[in-house]
Amino acid sequence: MSAFQNWPEHTAHVKSSFAALGKSHPKMLQAYSALEQAAAAEALDRKTRELIALAVAITTRCESCISVHAEAAAKAGATESEIAGALATAISLNAGAAYTYALRAIEAVKAQSPE
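Heads up: these notes are all about the structure in this document. (Residues numbered from 1 in each chain as written. Predicted model: local features only at pLDDT ≥ 70, side-chain atom pairs only at ≥ 80, totals over all residues. Heavy atoms only, no water.)

## A closer look at the packing of helix H1 (residues 7–24) against helix H4 (residues 63–75)
Helices that pack against each other are described as a pair by the angle of their axes relative to one another and the distance between those axes.
Here is step 1 of the chain: Look at H1 against H4: their axes get within 9 Å of each other, and the N-to-C directions meet at 105 degrees. Accordingly, the angle class assigned to the pair H1 and H4 is roughly perpendicular. Contact residues: Trp7, His10, Thr11, Val14 and Lys15 in H1; Glu63, Ser64, Ser67, Val68 and Glu71 in H4. (Axes fitted to C-alpha atoms, helices over the stretch in contact; angles between N-to-C directions. Helix = DSSP H or I, 4+ residues; strand = E, 2+ residues; numbered from the N terminus. Parallel < 35°, antiparallel > 145°, perpendicular 65-115°, else oblique. Contact = heavy atoms within 4.5 Å.)

## What to know about helix H3 (residues 46–60)
For an α-helix the count is 3.6 residues per turn, leaving residues at separations of three or four pointing the same way.
Here is step 1 of the chain: The end-to-end C-alpha separation of H3 is 21 Å, in line with the 21 Å expected for 15 residues at 1.5 Å each.
Here is step 2 of the chain: Within H3, the full set of buried residues consists of Glu50, Leu51, Ala53, Leu54, Ala55 and Ala57.
Here is step 3 of the chain: Contacts made by the buried residues of H3 are with H4 and helix H5 (80–112).
Here is step 4 of the chain: Regarding H3, its N-cap is aspartate 45, as a side-chain oxygen of that residue lies 3.1 Å from the backbone nitrogen of lysine 47 further along. (Expected span 1.5 Å × (residues − 1). Buried < 20%, exposed > 50% of the residue type's maximum accessible area, 1.4 Å probe, protein only. Polar contact = N/O pair within 3.5 Å; in protein donor to acceptor, adjacent residues only side chain to side chain.)

## Comments concerning the nonpolar core
Here is step 1 of the chain: In terms of nonpolar packing, the biggest core is built from six residues, these being Leu51, Ala55, Ala73, Ala78, Ala86 and Ala90.
Here is step 2 of the chain: Secondary-structure elements contributing two or more residues to this core are H3 and H5.
Here is step 3 of the chain: With near-sequence residues (within four places) excluded, leucine 51 lies in contact with Ala78, Glu82, Ile83 and Ala86. (Core = buried A, V, L, I, M, F, W, Y, C linked by side-chain atoms within 4.5 Å.)

## Some details on the pattern of salt bridges
Here is step 1 of the chain: Taken as a whole and assessed by the stated rule, the structure comprises four salt bridges.
Here is step 2 of the chain: Across the salt bridge formed by lysine 15 and glutamate 71, the nearest N and O atoms sit 2.5 Å from each other. Taken together, the positions of lysine 15 in helix H1 and glutamate 71 in helix H4 put the pair 56 residues apart, joining distant regions of the chain.
Here is step 3 of the chain: Among the residues examined, lysine 15 registers a relative accessible area of 42% and is labelled partly exposed.
Here is step 4 of the chain: The class for glutamate 71 is partly exposed, based on a relative accessible area of 28%. (Salt bridge = Lys/Arg side-chain N within 4 Å of Asp/Glu carboxyl O.)

Here's what the structure looks like:
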């Protein structure tokens, strides 16, 4: 079970902490905001972007990202089925990455094994 049992509280904490960091480092916040605005200007609608962000948060194992983007996906109208689909894609991608790295491990073992 996650260390964060109260997701709304965690989301509020992340947003508050991010805002505080932005006050200390306004140029960083401006750059981050510009990146976010640029992404929003692309062809994907908000719900699709949030579903992708949630899937990426799973693959990067970022609990704060999961918290913030879960809230945003729900607010953008993502259904439970759509969220499950995005998460299934993340799970599949992680499994695929592990599989391809397993192939690299086999190559490394073979290259270093005495004949």
